[in-house]
Structure formats: C-alpha cells, structure tokens
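Close look at the chain arrangement
This is what each chain is made of:
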Amino acid sequence: MSRHPLTASQTVGPFFHDCLMREDARRDVLCATATEGTRIRVEGIVLDGDGEPVPDAVLEVWQADAHGRYKHPADARGLALDRDFTGYGRIATDADGHYAFTTVKPGAVPFDAERRQAPHISIAVLGRGLLNHLYTRLYFDDEPANTVDPVLRRVPAERRDTLVARRGGDATGDAITYRFDVVLQGANETVFFAFATGNRS
Amino acid sequence: MITTIGEIVRGDAAVFPPYLYEAYRSTIKRAPHHALVEVPLTLSELTGPGPTLSAVTPEDADLTRNAGTGAEAIGQRIIVTGRVLDAKGTPVPHTLVEVWQANAAGRYVHRRDQWPGPLDPNFLGIGRCTTDATGAYRFLTIKPGAYPWKNHPNAWRPPHIHFSLFGNAWASRLVTQMYFAGDPLQPLDPIFNSAPEAGRASMIAEYAHDVTEPEWALGWRWDIVLDGPGATPFEDPREVGA
C-alpha cells in the first residue's frame, strides 16, 4: 500500500473560541430569507458521563438542502441546487452546555442506487477532552422513512432513539423546534460512528 | 507512567489517539463507552463544507500583524508551511486551514486562560488561509510559548499550534495540534502522548532551513495528511456550482 500515514487528531482544547467562533466563522443560522424549505430550530444540551453540561464543545453540522441536494461537487445528480443554502453550521455550547441552530429541514438523499436515506443532519462533536471528534447524525421523529434508513438499521435497535430528534409542541417564531441532546458517555450515550474510509495501517 | 488507555478509536488506531487516555484527565468523563458503529461512506460523508468555505484575506495568514493595531507581535518570527494531502498523497487544493495559538509567553487571549503570563496587545493568536493549487499553506507567526495547565502537578503544554482542516469530505475533517521538533516538554505531555508513536511523529514540524528567510524569520515545515475517501476526483471544487 502506498498510502500516506495520516496525521493524528488532537483535542480542540478550551481556547478555540477566538478562532473558530469569530464573527464570520460561527454559523448558527444556516438559512437565508430566500432559502427554500421548512424552517426548523434544533436545540439541545451536551452532557458528559456524570450528566454534567459540557460548556466547551463545538457542534459542526452538515446537511442537504430541502430538495435533498448537497452543495458539493460529489453530488453530481441533476437536481436543482438551492443557491441560498450551504448546509454547514458551527455552534459552540454555552456556559450551561446548551446549543441551538436554525436551518431548513433537509430532503432525503441517496444511500445507493436503489435505496434512499431518511432526512438527517450530520454532526461532528469537538471539545476539550475529546482527542478525536465524534461523528453522529440527527434524524427526525416525524419521518416514517427512519424505519428503513440503511444507516439507522446498522445501529442496535435499542440505541436508535439517541439519534432521533423530538419535535416540540410549539414553534419558535416561524420555525418548528426539534430537541436533540448529545450524551458523550453513559447509559443514554449517543451513538457515534466510524466511517469505513479504508485508510488503516 | 502508567495510564489507562481506552480501546475505542475513530480512524486508524496506529495513528489516532483513543478517546479515553486517563492521563489526560478531561477524557475520563467525556470518552464514549460504547463501541463506535461502523458505517459505509454515503453521499453525506463523501460531501462536506470544505470546498465552499473560503472567506479569507491575505492578512489572515500573518499572525504577527493581524491584530490590526499597526504594530507587530513580540516573539521569534516563524514561517510555518507545508502541504495538505489526502491518504493517497494527492494534494488538497483550496481548502480552509484555521489556526490558533498562545503568544510568545505562552498566554492565550482567551478569557479562560488566566495564568500570569503576559498578554501581547499586538497578538490575537488566530489565523487562517486556504491551500493553493498545490495543496500548500503558509503562515507567518511567532513561536508560541509553553504554558501551564491544571491536569496534574507542574503540568506544562509544549509549544504547539492548533490546526483545523476540512478537506473535501465530511469524513476528512481534522482538528489537531502541530508541535515543534526537539521540544523537551513533548514526552511529558499527556495530550501529545495520547497518540501512538506514528501519530506523535505525524504531528511534529521539522525545522526547515530552506524555508527560513535571511534576516527575517525561521522556517518550519509540516505536511498534513487527511483521512477521507482518498484521492479527489474533483478538478477544482470551487468552480462547480459557484
């Protein structure tokens, strides 16, 4: 194998805010006025193994637009691209471990030639004490397609709920609110993923 | 030093640190206990924000002057440069590189850093650039100092620069730290030590006399290799859909 050895990961540490959360680098509103789709607000808390809030975590999110199209050259399907939507967000938890962002609900995207994935938002969790970021996904509890989602089906059934955001009763402004907590460790630990990239020594 | 080292690792276990590395105490309550669920790369992981994040100015890459005070930061001026590659060795062009670091005295501007090292009014310790067509990045900065932390008695972080990179795909995201070759604090640092030997080697910049500019700044070279789906099939991602 002529693969180059990868560069190791390290924690983002506690001092990232001035860089990663500067005015033009943080993104907790992913949609603009012209963006197509249903406005949603996602909110939650990040908790450690003692159930204590994590006040120095970063959530980065990545999603398709309302039509299920990613703004990326690898998504070469002939779907219209919403030019008013990038699909990327970067949010720090506050002193109480809470985070929130506003976006549009993503459309379904393909899994392979035959199957589709249920609408979901990819999330990377970084933080002090996390030597490598954690990958997870947010699904929506009002999506029937969750039951046949090929990625969710790889998750042990009793843990799938940790990936499903719960729709709240009241809208915040014009947005539907979903609740999604991230538990780093313990009984209700969120499911975290490893991707089969093939880059192993 | 005896420490509990967890078995849960994301990515190549010969390179990446485990989530639990007891000597770095903040991992103890934050490392997951459940095995990671391995999933194939789908369109969600093969895509990512990397190709669209590009809002930088040339001034962003000069940390010695980007505080905007009109004056220069104090410290040993250094040039940090290298290339960003994927696992096949293919350069990753036009990708965002963000950095943050302590000042020459080992102090961050961050309000949570309260140890009595002096602040430098002309140094913010933040920078960014995008790689060029050959995957090369370059920063002008000052060499960061070591600083104490409360992980264990007399704990000092070795001089380092934090790096954040996206690459082309969600699966290629990397946040890491660059260390300077020959520093005596590295073997004492549990964050550095958390990575296995090959991983530690991957984070060390070498002094590069060919990068050093006479009468001006010392050169350090550090290449970064990203995980992810391998060689990019894209000519110039930014031209697509732009």
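Below you will find a few notes about this structure. Within any chain, residue numbers begin from 1 and follow the written order of that chain's sequence. Chain letters and ligand numbers both follow the written order, the letters beginning at A and the numbers at 1. Note on the predicted model: pLDDT of at least 70 is required for a residue's local features to be given, and 80 or more for side-chain atom pairs to be given and counted; whole-chain, interface and lining totals, by contrast, use all residues.

This part is about the overall build of chain A. Within chain A, the regular secondary structure consists of 1 helix and 12 strands. Helix numbering and strand numbering both begin at the N terminus, where a helix is a DSSP run of H or I of at least 4 residues and a strand a DSSP run of E of at least 2. Of the regular secondary structure in chain A, the N- to C-terminal order runs α-β-β-β-β-β-β-β-β-β-β-β-β. Radius of gyration here uses only the C-alpha atoms, and the compact-globule reference equals 2.2 Å multiplied by the residue count raised to the power 0.38. Over its C-alpha atoms chain A spans a radius of gyration of 17 Å, differing by no more than 12% from the 17 Å that the globule rule assigns to 201 residues. Taking the principal axes of its C-alpha atoms as reference, chain A extends roughly 50 × 40 × 40 Å. Across the 201 residues that make up chain A, the buried fraction comes to 48%. Exposure classes come from backbone-placed C-beta atoms, where a residue is buried if 20 or more other C-beta atoms lie within 10 Å of its own, exposed if 12 or fewer do, and partly exposed in between.

The next point concerns the overall build of chain B. From N to C terminus, chain B includes 3 helices and 12 strands. The C-alpha radius of gyration computed for chain B amounts to 19 Å, which stays within 12% of the reference 18 Å derived for 242 residues, consistent with globular compactness. Reported as C-alpha extents along the three principal axes, the dimensions of chain B are approximately 50 × 50 × 35 Å. Burial statistics for chain B: of 242 residues in total, 49% are counted as buried.

Residue and element names in this part refer to chain A. Burial within strand β8 (residues 134–140) is extensive, with 7 of its 7 residues counted as buried. Neither face of β8 is exposed, since L134, T136, L138 and F140 on one face and Y135, R137 and Y139 on the opposite face are all buried. Counting the residues between successive antiparallel strands, the hairpin from strand β7 (residues 120–127) to β8 contains 6 residues, one of them, G129, with a positive phi of roughly 85 degrees. Strands pair, by our definition, only if DSSP identifies at least two bridges between them.

Turning to the interface of chain A and chain B, a few remarks are in order. Across the boundary between the two partners, chain A contributes 65 residues, which contact 73 residues of chain B. Only α1 (17–20), β5 (109–110), β7 and β12 (193–195) of chain A provide two or more residues apiece to the side of chain A that touches chain B. Two strands pair when backbone bridges link them, and β12 of chain A and strand β1 (residues 37–39) of chain B are joined in this way by 3 bridges, in the parallel orientation. Each residue of the ladder has a partner; that of F195 of chain A, found in β1 of chain B, is V39 of chain B. Residue pairs are scored as contacts if the distance between their C-beta atoms, which are placed from the backbone, is within 7 Å.

Residues and elements named next belong to chain B. Relative to the elements of secondary structure, F139 occurs in strand β5 (residues 136–142). Accessibility expressed as a C-beta count within 10 Å gives 23 for F139, which makes it buried. Distance in space between the C-alpha atoms of F139 and P58 is 9.9 Å, their sequence separation being 81 residues. In this view, F139 contacts A61, L63, V80, V99, G127 and C129; residues no more than four positions away in its chain are not counted.

As a further point, take unusual backbone geometry. The phi dihedral of H94 of chain B falls on the positive side, at around 55 degrees, and the residue is not glycine. Among the residues examined, H94 of chain B registers 20 C-beta atoms within 10 Å and is labelled buried.

We now examine the environment of W156 of chain B. Position of W156 of chain B among the secondary structure elements: in strand β7 (residues 155–157). For the pair W156 of chain B and A146 of chain B, spaced 10 residues apart in sequence, the C-alpha separation works out to 6.4 Å.

Everything listed here is a matter of geometry and, on its own, says nothing about what the molecule does.
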